[in-house]
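Reading the structure
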Amino acid sequence: MDKQTTPPICNYEDSDYQTSFWDKGGREYEDRTEAIALKRLLPKKGRLLLELGAGAGRNTPRYRGFERIVLLDYSRTQLEQAQQRLGKSDKYIYVAADIYRLPFVNGLFDAATMIRALHHMADAPKALEQVRKVLGSGGIFILEFANKLNLKAILRFLLGRQKWSPFTLGPVEFVKLNFDFHPRAIRNWLKELGFEIERTLTLSHFRVGFLKRIVPTSILVFLDSLFQWTGQLWQLSPSVFVKAKVEGGKHKAEIPDSPLLFFKCPQCRYSPLVDRKAHLECSSCQKKWEVKDGIYDFREPIRN
Ligand SMILES: [Zn+2]
């Protein structure tokens, strides 16, 4: 795949996103409602989960039923923060990579999650296609997306305070590299890729500034947890979770013990790569991919 054809990437390198947005940003309500949704959707047990857009690992401890987790993010500094939070162990594998050029062999994972990440993707169908390829048969995909068809957007549009229509299927880029999607467009893309949608939950029904100030968070979280089930019927909240399953029986393929065998060359797709300690080398195109302080870096090959 040619680099020039890869869509632009929203990069959180050197960002204090975890601190400013989550830890100090008054997002406790959103964080707790996500925890509830994940608990409802995640399989109880699994072998190898791919967390796309893992960031600083906020959600990672919630995947405790899985034997191993690959944390993937484009930003290396986000992964360093995740490493500090979760520690270095065989359970966690840290990978800096571009979602449009995933460095994994096909059919590797039995589950994948993408929470608050599709939001930044200029070419969502292309990103979803990559996810589909690395999931094995019967694999589970939990996807969160920002919903353009939310009540606030509908009201603003009907009152003439917003130019874009929440009813059209196309994504809306309301801030550069921030996209909201129509639930039907997401369903269509997933179905075209061979996913079956098992469940839909709606979240953050009460993401309204004044409510968050006057109503105790626990009460809002409780109410939201009741409303989440209505996602099966309609989706008018700003955030939606979908549990999709790759058609076919349960994923039975061997998952290699060594993470080295997870990878393929993102440049030419050759596998396996050769372990040279400080880097992995592709014996087909000779590109070298850095391995440093426990982070595999597949963004750009090492310059010779
Ligand atoms: Zn290669």
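Higher on the page you've got the structure.
Reference entry: report on the structure contained in this document.

Rules behind the numbers
- Residues numbered from 1 in each chain as written.
- Predicted model: local features only at pLDDT ≥ 70, side-chain atom pairs only at ≥ 80, totals over all residues.
- Heavy atoms only, no water.
- Helix = DSSP H or I, 4+ residues; strand = E, 2+ residues; numbered from the N terminus.
- Rg over C-alpha atoms; globule rule 2.2 N^0.38 Å.
- Buried < 20%, exposed > 50% of the residue type's maximum accessible area, 1.4 Å probe, protein only.
- Areas by Shrake-Rupley, 256 points an atom, 1.4 Å probe, with all protein chains shown as cover.
- Lys, Arg positive; Asp, Glu negative; His and termini not counted.
- Charge placed at Lys NZ, Arg CZ, Asp CG, Glu CD.
- Axes fitted to C-alpha atoms, helices over the stretch in contact; angles between N-to-C directions.
- Left-handed = near helix turned anticlockwise from the far one by under 90°.
- Contact = heavy atoms within 4.5 Å.
- Phe/Tyr/Trp six-rings, centres within 6.5 Å; stacked < 30°, edge-to-face > 60°.
- Lys NZ or Arg CZ within 6 Å of the ring centre and 35° of its normal.
- Donors = N, O, S within 2.8 Å, 3.2 Å for Na, K, Ca; no water.
- Tetrahedral: all angles 85-135°; square planar, octahedral: opposite > 155°, others 65-115°.
- Polar contact = N/O pair within 3.5 Å; in protein donor to acceptor, adjacent residues only side chain to side chain.
- Core = buried A, V, L, I, M, F, W, Y, C linked by side-chain atoms within 4.5 Å.

What follows is about the overall build of the protein. Along its length, the protein carries 8 helices and 13 strands. Against the 2.2 N^0.38 benchmark of 19 Å for 304 residues, the protein shows a C-alpha radius of gyration of 19 Å, consistent with a compact globule. Along the first, second and third principal axes, the C-alpha set of the protein runs to 60 × 40 × 35 Å. Expressed as a percentage of the 304 residues in the protein, the buried residues total 50%. In the structure as shown, the protein presents an accessible area of about 14600 Å², 53% of it carried by carbon and sulfur atoms. Treating the 48 positive side-chain charges of the protein as one cloud and the 34 negative ones as another, the clouds have centres 4 Å apart.

Before going further, it helps to spend a moment on the packing of helix 2 (residues 28–41) against helix 8 (residues 217–227). Their axes nearest at 9 Å, the elements helix 2 and helix 8 cross at an angle of 35°. Note on packing geometry: the crossing formed by helix 2 with helix 8 is right-handed. Contacts between helix 2 and helix 8 involve Glu28, Tyr29, Arg32, Thr33, Ile36 and Arg40 from the former and Thr217, Ser218, Leu220, Val221, Asp224 and Ser225 from the latter.

A complete count under the given rule lists 10 aromatic pairs for this structure. Centroid distance Phe263 to Tyr296: 4.7 Å. Interplanar angle 50°. Geometry classified as tilted. A residue pair is termed long-range when its members are at least 10 positions apart, and Phe263 in the loop between strand 9 (239–246) and strand 10 (274–275) and Tyr296 in strand 13 (residues 295–297) qualify at 33 residues. Across this residue pair, the class does not change: Phe263 and Tyr296 are buried. Both rings, one in Trp289 and one in Phe298, keep their centres 5.8 Å apart while their planes meet at 40°; by these two values the pair is tilted. By the burial criterion, Trp289 is buried, and Phe298 matches it. Taken together, the ring pairs in this structure connect Phe104, Phe109, Phe262, Phe263, Trp289, Tyr296 and Phe298 into an aromatic cluster. Taking the ring centre of Tyr74 as reference, the NZ or CZ of Arg299 above it sits at 5.7 Å.

This part is about the environment of Leu233. Along the chain, Leu233 falls in the loop between helix 8 and strand 9. In the structure, Leu233 is positioned 32 residues away from Leu201 in sequence and 9.3 Å away in space, judged by C-alpha atoms.

Quick look at the coordination of the zinc ion now. Ligation of the zinc ion by protein atoms is provided by Cys265 (SG), Cys268 (SG), Cys282 (SG) and Cys285 (SG), these donors lying 2.3 Å from the ion. Coordination geometry of the zinc ion: the 4 donor atoms subtend angles of 101 to 116° at the metal centre, consistent with an arrangement described as tetrahedral. Each donor residue of the zinc ion lies on the same chain, and together they follow the pattern C-x2-C-x13-C-x2-C. Within this pair, whereas Cys268 is found in the loop between strand 9 and strand 10, its partner Cys285 is found in the loop between strand 11 (279–281) and strand 12 (288–292), the two being separated by 17 residues in sequence.

What follows concerns the side chain of Asp110. Along the chain, Asp110 falls in strand 4 (residues 109–114). Polar side-chain contacts of Asp110 include one of 2.9 Å to the backbone nitrogen of Leu48.

What follows concerns the nonpolar core. Grouped together as the largest cluster of nonpolar side chains are 51 residues, with contacts concentrated most on Val95, Phe104, Met114, Leu118 and Phe141. Ranked by residue count, the leading element in this core is helix 4 (residues 124–134), at 5 residues. Leave out the neighbours within four places in its chain, and Met114 touches Leu52, Ile99, Met121, Val131, Phe141, Ile142, Leu143 and Glu144. Leu79, Ala82, Leu86 and Ile142 belong to the second-largest nonpolar core, a separate cluster that totals 24 residues.

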